[in-house]
Amino acid sequence: MQVELVLLILSLLFFVSIFADKIGYKYGVPALLLFLIVGMLFGSQGLGAVWGGKGMAIETGSAQAISTLAMCIILFTGGMETKLSDIRSVLVPGVTLATLGVLITCVVTGVLIYLIFGWINAVASVSIWFALLMAATMSSTDSASVFSILRTNGIGLKHNLRPLLELESGANDPMAYVLTTTLISVVVGMDAEAAGGARVEALPIVQTIIIQLVMGAVLGLAFGRGLVMLMRRVKLGNEALYPIMVLTACIFIFSVTYYLQGNTYLAVYVGGLIIGNSKFARKRQTQSFFNGLTWLSQLVMFLMLGLMVKPAEFLDYHVWLPCLIISIVMVFISRPVAVYLCMLPFREYRQRDKLMLSWVGLKGAVPIIFAIMCKANGVPGADMVFNIVFLCTLVSLLVQGTTLTYVASRLELATVPQEGRTLEYFDIDLPDEIQSSANEIEVSEDMLAKGSTLRDVKLPPHTLVVMVRRGEDFFVPTGVSELQKGDQLLVISDKDAEASYKQMTDAAEEEAQWRADMKERAKARWDKATAWMHKKR
């Protein structure tokens, strides 16, 4: 296939996925699910059949390389966007869910898969190690899914559940990665042992797991602090190089950790956490750069995974029946068991909190990436694992991802997000150390009731109007500046005045709604009176 044709197809895929994201946001469908569906539509059994049934073929090795790089960026950005002040109070339960919770989920799911498959004897008889491997690939809560759904849909949760979920989803991939790679070596080693190869020993495996986790955390912490010190001392001639420098450091942390036998995913997340909670030059531009790069990574990764799958194979009962069994087991048994056991020491979490944590066991790209690793390492039955894992991911995104807001509301845990209002017309972002907030106010008729100049407009105390947008023009106002209906005001308020600003805007909205209701009622009475007079005549 020619390079120009590949680029044309990729651009069309991106356009379709971007507009699919807008549609998904409107109707509450996770964008990542739509990305997968778009990839499937353009695959070899979708619109790709137009090109002789080949579609955009992707080899397993290329898919693993692309997905590894994408996950590296996603986890690094997740660490950068996680504030230590938010997770400090949930650090212990979050780490417990990210480690012990993953292990419990893997063991419970694997044992149940082994028992159920042996009982029905209708799909395939699997060994306990193969069942545990299949469970390990899906044992973690996917960070890309959780970050995307919670932050894009603006879902707020009471009792610090949101930072707890974000910490768990960002920090549990390393544990799932260790379990998956370990069980891959066990399954492959048992296959080699059956053929007369070396025997698999348990003690070296346990030692490897501990070394990888410790090395990953230490290297991520060391390299993260080292990069912050470097960026504070070195001044680059071009400010556009700062985000590229951080991106290079992200890849460097991943690569060096790999060769030092550490857990690469954990090192990248910890490194991003250290960097994101430190002060350095061009931090805001760097964060914006990584936000866009993360969305691009998610888009590329999910499209690629969608292109790899063959939907016709889902019709085989060897695929959909195990998927149905595993999905039910993970959603209603293994995930709740892991959550309830891990939350036993933490009495502050109530029944409703545990139910919400149990429901947000979202799957996403990570299980599919681990299934690709099984194929790349020659695990027997890896094709079946890939199809089952892919279908279980679709079920999780469709069932759990689309109902997060509904479940949070039913459990009375949904809140208004605390990030503040998004600036639409003014590109400004104040550093965290500045105890002020930036907001936008649209000038209404009620605001101009006592005069049209800026000094006539009632504003909360400790609030300053720094800029006005009128149409396509911007200007810095003074007290005698004339305001017009529809002008956009950029205001800077102290943190303690932000609540007053919200009360003022809410009151203005309520008053405007009241006036509109009164006009509607007056019009209805007038129409009724007019109709009565016509009837009398």
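Located above this text is the structure these notes cover.
These numbers were taken from a predicted model, which means no experiment stands behind them.

A. Looking closely at the side chain of K354. Among the secondary structure elements, K354 is positioned in helix α15 (residues 351–359). Despite its burial, K354 remains without a salt bridge, the nearest opposite charge being carried by D353 at 8.5 Å. Setting aside its immediate chain neighbours within four residues, K354 contacts V339, Y340, M343 and Y349.

B. Up close: a nonpolar patch on the surface. There is a patch of nonpolar side chains on the surface, built from Y317, W320, L324, I328, F332, I333, V337, L341 and L344 and spanning about 850 Å² of accessible area. By secondary structure assignment, the location of L344 is in the loop between α14 (317–342) and α15. Residue L344 is classed as exposed on the basis of its relative accessible area of 51%.

C. How the structure looks around unusual backbone geometry. Phi at Q261 is positive, roughly 65 degrees, even though this residue is not glycine. Structurally, Q261 is set in the loop between α11 (241–259) and α12 (264–276). Residue Q261 is classed as exposed on the basis of its relative accessible area of 53%.

D. Examining the pairing of strand β6 (residues 488–494) more closely. Burial analysis of β6 places six of its seven residues in the buried class, which makes it a mostly covered element. Sheet topology places strand β4 (residues 463–470) next to β6; six bridges connect them, and they run antiparallel. If you follow V465 over to β6, its bridge partner there is V491.

E. Molecular detail of the environment of M80. Here M80 shows up in helix α3 (residues 60–81). Overall, M80 belongs to the buried group, its relative accessible area being 4%. When the C-alpha atoms of M80 and V270 are compared, they prove to be 8.9 Å apart, with 190 residues separating the residues in sequence. Excluding residues within four positions of it along the chain, M80 makes contact with G272, L273, G276, T286, Q287 and F290.

F. Looking closely at the nonpolar core. Formed by 89 residues in total, the largest nonpolar core has its most connected members in M301, L305 and F390. Formed by 31 residues, the second largest nonpolar core is a distinct cluster that contains V90, V146, Y269 and A408.

G. Local environment of the packing of aromatic side chains. Enumeration according to the criterion identifies nine aromatic pairs in this entry. Their ring planes at 85 degrees and their centres at 5.6 Å tell us that F289 and F290 sit as a pair that is edge-to-face. The class of F290 is buried, set by a relative accessible area of 0%. Where F386 meets F390, the ring centres are 6.2 Å apart and the plane angle is 35 degrees; that geometry is what we call tilted.

H. Local environment of the pairing of β4. Pairing geometry for β4 and strand β5 (residues 473–475), over three bridges, is antiparallel. When the bridges of β5 are listed, V468 appears paired with F475. What sits between the antiparallel neighbours β4 and β5 is a turn of two residues, in which G471 has the positive phi angle 70 degrees.

I. Examining the pattern of salt bridges more closely. Within this structure, the stated rule accounts for seven salt bridges. Across the pair R470 and D487 runs a salt bridge, and its minimum N-O distance is 2.8 Å. Of the two residues, R470 sits in strand β4 while D487 sits in the loop between β5 and β6, which places them 17 residues apart along the sequence.

J. Fine view of α14. Spanning 26 residues, α14 covers 35 Å between terminal C-alpha atoms, matching the ideal 38 Å at 1.5 Å per step. The largest bend in α14 amounts to roughly 45 degrees and is located at M330.

K. Representation of the environment of D487. A relative accessible area of 2% places D487 in the buried class. Each C-alpha atom, one on D487 and one on R470, is 5.1 Å from the other, the two residues being 17 residues apart in sequence. Apart from the residues within four sequence positions on either side, D487 is in contact with I441, E442, V443, V468, R469 and R470. Separated by 2.8 Å, the side chain of D487 and the backbone nitrogen of Q484 make a polar contact.

L. Up close: the state of the cysteines. For the coordinates displayed, the defined rule picks out zero disulfides. C72 provides the cysteine sulfur closest to C250, a residue in no disulfide bond, and the two sulfurs are 3.4 Å apart.

M. Representation of α12. An ideal rise of 1.5 Å per residue puts 18 Å on 13 residues; α12 measures up with 18 Å between its terminal C-alpha atoms. Buried residues dominate α12, accounting for 13 of its 13 residues. Where α12 starts, the residue carrying a side-chain oxygen 3.3 Å from the main-chain nitrogen of Y265 turns out to be N263.

N. Just the packing of α14 against α15, in detail. Two elements in contact, α14 and α15, have axes whose closest approach is 9 Å; the angle formed by their N-to-C orientations is 130 degrees. Between α14 and α15, the angle is such that the two are oblique. Seen from above, α14 lies across α15 with right-handed handedness. Along its contact with α14, which presents V331, F332, R335, P336, V339 and Y340, the element α15 presents Q351, K354, L355, L357, S358 and W359. When the residues that make up the contact of α14 with α15 are grouped by side-chain class, the tally is eight nonpolar, two polar and two charged.

O. Quick look at the environment of I74. Looking at the element boundaries, I74 is found in helix α3. The class for I74 is buried, based on a relative accessible area of 1%. Sequence separation of I74 and Y269 is 195 residues, and the distance between their C-alpha atoms is 8.9 Å.

P. Examining the packing of helix α8 (residues 161–171) against α15 more closely. At a closest axis distance of 11 Å, the pairing of α8 and α15 adopts a crossing angle of 35 degrees. In the crossing of α8 with α15, the sense of the turn from one axis to the other is right-handed. Listed contacts from α15 to L161, L164 and L165 of α8 are D353, M356 and L357. Residues that form the contact of α8 with α15 fall into these classes: five nonpolar, no polar and one charged.

Rules used in this analysis
Counting of residues starts from 1 at the beginning of each chain's written sequence and follows it residue by residue. It should be noted that, the model being predicted, local features are given only for residues of pLDDT at least 70 and side-chain atom pairs only at 80 or more, the latter also being counted only at that level, while totals for whole chains, interfaces and linings use all residues. The basis for every side-chain value is the complete set of heavy atoms in the structure, and neither hydrogens nor water enter the calculation. Here a helix means four or more residues in a row that DSSP labels H or I, a strand means two or more in a row labelled E, and each is numbered from the N terminus. With a 1.4 Å probe rolled over the protein chains alone, any residue whose accessible area is under 20% of its type maximum counts as buried; one over 50% counts as exposed, and the rest are partly exposed. In this tally, Lys and Arg are treated as positive and Asp and Glu as negative; His is ignored, and so are the chain termini. Salt bridge, as used here, is a side-chain nitrogen of Lys or Arg placed within 4 Å of a carboxyl oxygen of Asp or Glu. Should any heavy atoms of two residues lie within 4.5 Å, those residues are counted as being in contact. Here, patches come from residues exposed beyond 30% relative accessible area and free of salt bridges, joined within 9 Å for like charges and within 5 Å for nonpolar side chains (Val, Leu, Ile, Met, Phe, Trp, Tyr). Using a 1.4 Å probe, accessible areas were evaluated by the Shrake-Rupley method; residue-level cover was limited to the displayed protein chains. The criterion for strand pairing is that DSSP finds at least two bridges linking the strands in question. Residue types Ala, Val, Leu, Ile, Met, Phe, Trp, Tyr and Cys, when buried and joined through side-chain atoms within 4.5 Å, form a set referred to as a nonpolar core. Only Phe, Tyr and Trp rings take part, Trp by its six-membered ring, and two of them pair if their centres are within 6.5 Å. Stacked means planes under 30 degrees apart, edge-to-face means over 60, and tilted covers everything else. The span you would expect from a helix comes to 1.5 Å times its residue count less one. We define the bend at any residue as the angle between the axes fitted to the seven residues before and including it, ending there, and the seven starting there. Throughout this description, a polar contact denotes any pair of N or O atoms lying within 3.5 Å of each other; where both atoms belong to protein, one of them has to be capable of donating a hydrogen while the other can accept it, and for residues adjacent in sequence the pair is counted only when both atoms sit in side chains. When two cysteine sulfur atoms are found within 2.5 Å, that pair is recorded as a disulfide. In this analysis, axes come from line fits to C-alpha atoms, helices being fitted only over the stretch in contact, and the angle between any two N-to-C directions falls in the range 0 to 180 degrees. Under this scheme an angle from 65 to 115 degrees is roughly perpendicular, one under 35 degrees roughly parallel, and one over 145 degrees roughly antiparallel; angles in between are oblique. Left-handed describes a crossing whose near helix is turned anticlockwise from the far helix by less than a right angle; the clockwise case is right-handed. Side-chain classes are defined by residue name, with Ala, Val, Leu, Ile, Met, Phe, Trp, Tyr, Cys and Pro counting as nonpolar, Asp, Glu, Lys and Arg as charged, and the others, Gly among them, as polar.

By themselves these figures say nothing about function.
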